[in-house]
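Overview (structure and organization)
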Amino acid sequence: MLSVTQRQLNLKHYYLFYIGDIDGIEKAQTKQAYERFQKDQKLGVDGIYGPETEAALLQCIKDVQEQLNTYGGYKLNVDGLVGEATIDAIKKFQTDKGLKADGIAGIDTMAELNKVLVPKSGGGQGSSDKGSSGKGGWESIEYFKKEEFKCDCNGKYCNGYPAELSLKLVHILEQVRKKYGKPITITSGMRCTRQNQIDGGISNSKHLYGKAADFWFSGMDKQAVIAYCKTLPGYNYAYTNNSNMLYAVHIDVV
Ligand SMILES: [Zn+2]
Ligand SMILES: [Zn+2]
């Protein structure tokens, strides 16, 4: 597991979950930081730093490092550890975006950073919404329009499309639509950073990257729908029963 110093560094430079000094001492402020982060990640909130918390924290920092590398070509090791190089890269990025260069990826910095799309290796075919080439593009989608996945902030914090919408996601929903024969309502599609906070999404939610949607249809048997989604290509994760999701199912893709 990470040293307390490293945990403090990660939690300070990511959303300022930790506000104290980097002293390697696990006292009240550090435990509060664990709790804030656990709450954000929808983990069990006990203020105890265990393997789940560590895995989530490493992933959050890796995402930031990948975004920084993609944006600025900084060649950071994507290791999930905040160090001098990562802090410097955050500062350069902030300067570039006209933000205060404090090296802390807080809400404004993350809002900009989350606009950076990290190319994933393998795939990405047919991801253009022009639908001009190849199978599996928008021209093959019968039941959905891109607008249905627009961010709910209504243009307040973004232009509605803070990321590229994954067609894998739309294809899965299309299959669900065909199987059950019911019109599907997308209750939450893409989200910008601020809308994601309002919706209570985790800070690295796949909704930020156009890879998740919450949906609902009349008479939906949620567990059966989830079981069906698991059989479809591109499926990554699905859940329901989240208190702020009402009757919807969340699905996300790789
Ligand atoms: Zn928005
Ligand atoms: Zn969701």
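Owing to the predicted nature of the structure, the values given are computational and were not obtained by experimental measurement. Chains are numbered independently. Their residues run from 1 in the order of the written sequence. Chains carry letters and ligands carry numbers; both start at the beginning, A for chains and 1 for ligands, and go up in the order they are written. Only residues with pLDDT of 70 or above have their local features reported here, since the model is predicted, and side-chain atom pairs are shown and tallied only from 80 upward, although totals for entire chains, interfaces and linings are computed over all residues.

1. With respect to the domain arrangement of the protein
Boundaries between domains were set according to an automatic or database domain assignment. Assigned domains within the protein: domain 1 (4–113) and domain 2 (138–253). Taking only C-alpha atoms into account, the centre of domain 1 sits 27 Å from that of domain 2. With 10 residues of domain 1 in contact, the opposing surface of domain 2 contributes 6 residues. Looking at the side of domain 1 that touches domain 2, the elements with two or more residues in it are helix H3 (51–72) and helix H5 (107–113). Ten residues, namely Ala, Val, Leu, Ile, Met, Phe, Trp, Tyr, Cys and Pro, are considered nonpolar, four, namely Asp, Glu, Lys and Arg, are considered charged, and the remaining ones, Gly among them, are considered polar. Taken together, the residues of the side of domain 1 that touches domain 2 break down into 5 nonpolar, 2 polar and 3 charged. Remark: residues whose backbone-derived C-beta atoms lie within 7 Å of one another are considered to be in contact. Here a strand is any run of E in DSSP of at least two residues, a helix any run of H or I of at least four, and the numbering for each starts at the N terminus.

2. Topic: the sheet that holds strand S3 (residues 235–239)
Within the open sheet, the 4 strands sit side by side as S1-S2-S4-S3. Their pairing is antiparallel. In this open sheet, the two edge strands, each paired with only one partner strand, are strand S1 (185–188) and S3. Taken pair by pair, the neighbouring strands of this sheet meet at an average axis angle of 35 degrees, ignoring direction. In this sheet, strand S4 (residues 249–253) lies alongside strand S2 (residues 212–216) in antiparallel orientation, the contact comprising 4 bridges. Bridging from a neighbouring strand, Asp 214 pairs with His 250 of S4. We call two strands paired when DSSP finds no fewer than two bridges between them. Structural elements are reduced to axes, namely lines fitted to C-alpha atoms, with helices fitted over the stretch in contact, and the angle between N-to-C directions of any two is expressed from 0 to 180 degrees.

3. Digging into the confidence of the model for the protein
Note: predicted coordinates in regions of low pLDDT should not be interpreted at a detailed level. Scored between 0 and 100, pLDDT is the confidence that the predictor attaches to each residue. Averaged over every residue, the pLDDT of the protein is 91; the share at 70 or more is 92%. Within the protein, the element-level pLDDT minimum falls on H5, averaging 93, and the maximum on helix H1 (residues 4–13), averaging 98. With pLDDT under 50 throughout, residues 122–133 is counted as low confidence; its partners more than four residues away or in other chains account for 16 contacts.

4. Quick look at the pairing of S2
Exposure criterion: with C-beta atoms placed from backbone coordinates, a residue whose C-beta has 20 or more other C-beta atoms within 10 Å is buried, one with 12 or fewer is exposed, and one in between is partly exposed. Burial within S2 is extensive, with 4 of its 5 residues counted as buried. Here S1 pairs with S2 via 3 bridges, running antiparallel. Its bridge partner lying in S2, Thr 185 is registered against Trp 216.

5. Section: the nonpolar core
What tends to happen in soluble globular proteins is that the nonpolar side chains get buried as a cluster. Joined through C-beta atoms within 7 Å, a set of buried Ala, Val, Leu, Ile, Met, Phe, Trp, Tyr and Cys residues constitutes a nonpolar core. Ranked by internal contacts, the top residues of the largest apolar core, which has 53 residues, are Tyr 14, Leu 173 and Ala 213. A per-element tally of this core places helix H6 (residues 167–180) first, with 6 residues. No fewer than three residues from each of domain 1 (4–113) and domain 2 (138–253) sit in this core. Filtering out sequence-adjacent residues up to four positions away, Tyr 14 remains in contact with Cys 60, Ile 61, Val 64 and Ala 105.

6. With respect to the pairing of S4
The side chains of a regular strand alternate, first on one face of the sheet and then on the other. S4 sits mainly inside the fold: 5 of its 5 residues count as buried. Every second residue of S4 is oriented toward a common face, with Val 249, Ile 251 and Val 253 on one face and His 250 and Asp 252 on the other, all of them buried. Judged from the 4 bridges that link them, S3 and S4 form a sheet pairing that is antiparallel. Bridge assignment links Tyr 237 to a residue of S4, and that residue is Asp 252.

7. Here's the deal with unusual backbone geometry
Most peptide bonds are trans, and most residues other than glycine sit at a negative phi. The backbone of Lys 42 shows a phi angle near 55 degrees, a positive value even though the residue is not glycine. In this fold, Lys 42 is placed in the loop between helix H2 (28–40) and H3. For Lys 42, a count of 14 C-beta atoms within 10 Å translates into the label partly exposed. Residues other than glycine seldom take positive phi values, yet Lys 75 does so here, at roughly 60 degrees.

8. So, the packing of H3 against helix H4 (residues 84–96)
Here H3 crosses H4 at 55 degrees, and the two axes come no closer than 10 Å. When the interaxial angle is binned, H3 and H4 end up oblique. As H3 packs across H4, the resulting crossing turns out to be left-handed. Residues Gln 65, Leu 68, Tyr 71 and Gly 72 of H3 pack against Thr 86, Ala 89, Ile 90, Lys 92 and Phe 93 of H4. A class-by-class count of the residues in the contact of H3 with H4 yields 5 nonpolar, 3 polar and 1 charged. Reported orientations rely on four angle classes, namely roughly parallel under 35 degrees, roughly antiparallel over 145, roughly perpendicular from 65 to 115, and oblique for the rest. Handedness of a crossing follows from how the near helix is turned relative to the far one, being left-handed for an anticlockwise turn of less than a right angle and right-handed for a clockwise one.

9. Thoughts on the environment of Gly 234
Turning to its location among the elements, Gly 234 is positioned in the loop between helix H8 (222–229) and S3. Residue classification places Gly 234 among the partly exposed positions, given that 18 C-beta atoms sit within 10 Å. Between the C-alpha atoms of Gly 234 and Ile 172, which are 62 residues apart in sequence, the distance is 7.8 Å. The contacts of Gly 234, once residues within four sequence positions are left out, are Lys 168, His 171, Ile 172, Val 253 and Val 254.

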